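Now for the letters of each chain:
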Amino acid sequence: MNNQEIVAAAGQVLMPTYARFPLALVRGEGTRVWDADGRVYLDFLAGIAVCALGHCHPALVAAIREQAGTLLHVSNLYHIEPQVRLARLLVEQTFADKVFFCNSGAEANEAAIKLARKWQKDQGQPDRTEIVSALQSFHGRTLATLTATGQDKVKIGFAPLPTGFLTVPYDDAAALDAAVGEHTAAVLLEPVQGEGGIRVPSPGYLQAAREICDRAGALLILDEVQTGIGRTGLFLGCDHEGVAPDICSLAKGLGGGVAIGACLATDAVASSFGPGTHATTFGGNPLATAAACAVVQTLLDEGVLGRCRETGAYFMERLKALASTSAAVAAVRGRGLLIGVELAGGRPAGPLVGELMDRGFLAGTAGESVLRFAPPLTVEPNEIDALLAALGDLLAD
Ligand SMILES: *Cc1c(COP(=O)(O)O)cnc(C)c1O
């Protein structure tokens, strides 16, 4: 099928949940993807921060091929070798002692919320049930995670919503301190807000959140679904602040394109997830965990985090130079290769994404007026130069 045929067929058989671009991508390699008509694009979205190693990295493809020909699935009633190898890698790279695997970011956050409430109950604190999260946050689309999400647009039409959720302004330690109290089970924050507009908090905010939680007897959950697995140039987003949470969620980049999520926790907290408390059929399956092992091992072996810090700094510097000469840009924000360009005067970013696509570049939006770039962590400086040339032209018009 060509582009037009795929687009037409989609409208007939798929639920209309997405306002999709009229584009069907059929093949990828590195930063490049091809549409069904054979046109090539440089992918500066990478599946929204998913394809960390670029498209079809040979190490990832080989791991998937090998595992697919060996064992695809067994129940979690049995031990699964690649699951153990992946958990060991994650524990070695992070604050965590234990891992629970699931299939998506929303599920990882759902597990984190359940674990926090259960842990409080086990501490003899059954009244500590509230989850405090931030305005403009994004935590997923299940009923609990959309309730924790600090954006009304994801909630409309889905009442009644679960109770025990509260939101406060992001990057405001005083507001957080005032909201956290004797009913708080946990505080749930993104180290950098992704969907909410690529918002990097002030230095010290995460540390303040840690201290507020410790003082109040609440747990700190960090949603690292978008910031984790090297996206910001360190393994976890919170590593920039030297802050360790009690629980954190991972997904997007973890499988490099294969569906997988993870909920990580310290030993003390993880012990509340005893046999029968939580489960999933597909979580941690051999295929997904073998893929994620290849992703994490490659990140470490090929020095991808250092490369991400360097190319991220270069990308940011080029964008800031563009912003300084263009009245169309209000701000450039981000960390590593998670970067937002806020357009001046609240101008919607959607049309600009369409114009970039016409020129052969894929980008996204984060909120109304922020252009989002989350390319493969392996993106090349010359690919960034090509994007900047096109973006400079478009903003000059
Ligand atoms: C994408 C995202 C989620 C949801 O992940 P899904 O895999 O779509 O369920 C949750 N939190 C953050 C910060 C995200 O960016």
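Structure's up top.
Every residue gets a number counted from 1 within its own chain, in the order that chain's sequence is written. The model is predicted, so local features are restricted to residues of pLDDT at least 70 and side-chain atom pairs to those at 80 or more, both for listing and for counting; the totals for chains, interfaces and linings are taken over all residues. Based on all heavy atoms of the structure, the side-chain values leave hydrogens and waters out of the count.

Q: What should I look at first to understand the site of the ligand in this one?
A: Residues are counted as near a molecule or strand when any one of their heavy atoms sits within 4 Å of it. Around the ligand sit 13 residues, and of these Gly105, Ala106, Asp223, Gln226 and Lys252 come closest. Within the backbone of Ala106, a nitrogen or oxygen atom sits 2.8 Å from an oxygen atom of the ligand. Pairs of N or O atoms are called polar contacts if they sit within 3.5 Å, as long as, within protein, a hydrogen donor faces a hydrogen acceptor (for residues adjacent in sequence, only side-chain-to-side-chain pairs). A distance of 2.6 Å separates an oxygen atom of the ligand from a polar atom in the side chain of Lys252. Bound to the protein, the ligand loses 80% of the 390 Å² it would expose on its own. For helices the rule is a DSSP run of H or I covering at least 4 residues; for strands it is a run of E covering at least 2, with both sets numbered from the N terminus onward. Of the residues forming the shell around the ligand, the biggest block, three residues, is contributed by helix α5 (residues 105-122). Ten residues, namely Ala, Val, Leu, Ile, Met, Phe, Trp, Tyr, Cys and Pro, are considered nonpolar, four, namely Asp, Glu, Lys and Arg, are considered charged, and the remaining ones, Gly among them, are considered polar. Among the residues making up the shell around the ligand, the classes are represented as three nonpolar, six polar and four charged. Throughout, the Shrake-Rupley method with a 1.4 Å probe supplies accessible areas, and for residues the shown protein chains are the sole cover considered.

Q: Honestly, the packing of aromatic side chains in this entry has me stumped. Any pointers?
A: The description of an aromatic ring pair uses the distance of the two centres, along with the angle that the planes make with each other. Only rings of Phe, Tyr and Trp enter the pairing, Trp through its six-membered ring, and a pair is recorded when the two centres are within 6.5 Å. The plane angle decides the type: under 30 degrees is stacked, over 60 is edge-to-face, the rest tilted. Going through the model one piece at a time under the given rule, you end up with five aromatic pairs. Ring geometry for Phe44 against Phe315: centres 5.8 Å apart, planes inclined by 70 degrees, an arrangement best described as edge-to-face. Taken together, the positions of Phe44 in the loop between β3 (40-43) and α2 (46-49) and Phe315 in helix α11 (residues 304-325) put the pair 271 residues apart, joining distant regions of the chain. In this pair, the class of Phe44 matches that of Phe315, namely buried. When the centroid spacing of 6.2 Å and the interplanar angle of 65 degrees are considered together, the rings of Phe100 and Phe273 count as edge-to-face. The buried label goes to any residue with under 20% of its type's maximum accessible area, the exposed label to any with over 50%, and the partly exposed label to all in between, with areas taken from a 1.4 Å probe on protein chains only.

Q: Which parts of the structure should I look at to understand α5?
A: In an α-helix, one turn spans 3.6 residues; hence positions three or four apart end up facing the same way. With 18 residues, α5 should cover 26 Å at 1.5 Å per step; its first-to-last C-alpha distance of 25 Å lies within 8% of that length. Residues of α5 that are buried include every one of Gly105, Ala106, Ala108, Asn109, Ala111, Ala112, Ile113, Leu115, Ala116, Trp119 and Gln120, and no others. N-capping of α5 is provided by Ser104, with a side-chain oxygen placed 3.2 Å from the backbone N of Glu107. Of the residues flanking the end of α5, it is Gly124, one or two places downstream, whose phi is positive at about 80 degrees. Multiply 1.5 Å by the residue count of a helix minus one, and that product is the helix's expected span.

Q: Hey, could you run me through the sheet that holds strand β4 (residues 98-102) in this one?
A: Adjacent strands of a sheet form backbone hydrogen bonds with each other and so pair up, either parallel or antiparallel. Two strands qualify as a pair provided that DSSP identifies no fewer than 2 bridges between them. Pairing is mixed across the open sheet formed by seven strands, whose spatial order is β4-β10-β9-β8-β7-β5-β6. On the outer flanks of this sheet lie β4 and β6 (165-168), each paired with one strand and no other. Taken over all neighbouring pairs, the strand axes of this sheet differ in orientation by 20 degrees on average, direction set aside. Bridging between strand β9 (residues 247-250) and strand β10 (residues 261-265) involves four bridges; their strand directions are antiparallel. Residue pairing across strands places Ser249 opposite Cys263, the latter belonging to β10. Note on geometry: axes are C-alpha line fits, over the in-contact stretch for helices, and angles between N-to-C directions span 0 to 180 degrees.

Q: Whenever I open this one, the sheet that holds strand β12 (residues 338-343) confuses me. Can you help?
A: Ordered by their spatial adjacency, four strands build an open sheet running β11-β12-β15-β14, and the pairing between neighbours is antiparallel. Both outer strands of the open sheet, β11 (329-335) and β14 (364-365), are each paired with one neighbouring strand and no more. The strands touched by helix α12 (residues 350-358) are β12, β14 and β15 (370-373); relative to β15, the strand with the most contacts, the crossing angle is about 45 degrees. Only heavy atoms matter for contacts: two residues are in contact if any of them lie within 4.5 Å across the pair.

Q: Would you explain the side chain of Thr227 in this entry?
A: If you trace the backbone, Thr227 turns up in the loop between β8 (219-223) and β9. Residue Thr227 is classed as buried on the basis of its relative accessible area of 2%. At a separation of 2.7 Å, a polar atom in the side chain of Thr227 contacts the side chain of Glu224. Other than its neighbours up to four places away in sequence, Thr227 contacts Pro191, Val192, Thr232, Phe235, Leu236, Gly237 and Leu338.

Q: I would appreciate a short explanation of the pairing of strand β2 (residues 32-35) in the present structure.
A: The side chains of a regular strand alternate between both faces of the sheet. Direction of pairing for strand β1 (residues 25-29) relative to β2: antiparallel, over a ladder of four bridges. Looking across to β2, one finds that Arg27 is bridged to Trp34. Linking β1 to β2, which pair antiparallel, is a turn of two residues; within it Gly30 sits at a positive phi near 60 degrees. Bridge count for β2 against β3 is three bridges, and the pairing is antiparallel. Bridging across to β3, Trp34 finds its partner in Val40.

Q: Is there a simple way to think about the packing of helix α3 (residues 58-68) against helix α10 (residues 286-301) in this case?
A: The description of two packed helices rests on the angle between their axes and on the distance between the axes. Where α3 meets α10, the axes come as close as 9 Å, and the angle between the chain directions of the two elements is 155 degrees. By the angle between their directions, the pair α3 and α10 is classed as roughly antiparallel. Two packed elements cross with a definite hand, and for α3 against α10 that hand is right-handed. Taking contact as the criterion, the partners of Ala59, Leu60, Ala63, Ile64, Gln67 and Ala68 in α3 are, on α10, Pro286, Leu287, Ala290, Ala291, Ala294, Val295 and Thr298. If an angle is under 35 degrees, it is roughly parallel; if it is over 145, roughly antiparallel; if it lies from 65 to 115, roughly perpendicular; otherwise it is oblique. By the definition used in this description, the sense in which the near helix is turned from the far one sets the handedness, with an anticlockwise turn below a right angle giving left-handed and a clockwise turn giving right-handed.

Q: Even after reading the chapter, I still don't get α10, so can you show me in this structure?
A: The end-to-end C-alpha distance of α10, which contains 16 residues, comes to 22 Å, matching closely the 22 Å that a straight helix rising 1.5 Å per residue would cover. Taken across its 16 residues, α10 has twelve buried, putting it largely inside the fold. Of the positions making up α10, those classed as buried are Pro286, Ala288, Thr289, Ala290, Ala291, Ala292, Cys293, Ala294, Val295, Val296, Thr298 and Leu299. Taken together, the buried residues of α10 touch α3, α4 (81-93), β4 and α11. Capping the start of α10, Asn285 holds a side-chain oxygen 3.1 Å from the backbone nitrogen of Leu287, two or three residues further along. Phi turns positive one or two residues past the end of α10, at Gly303, with a value near 60 degrees.

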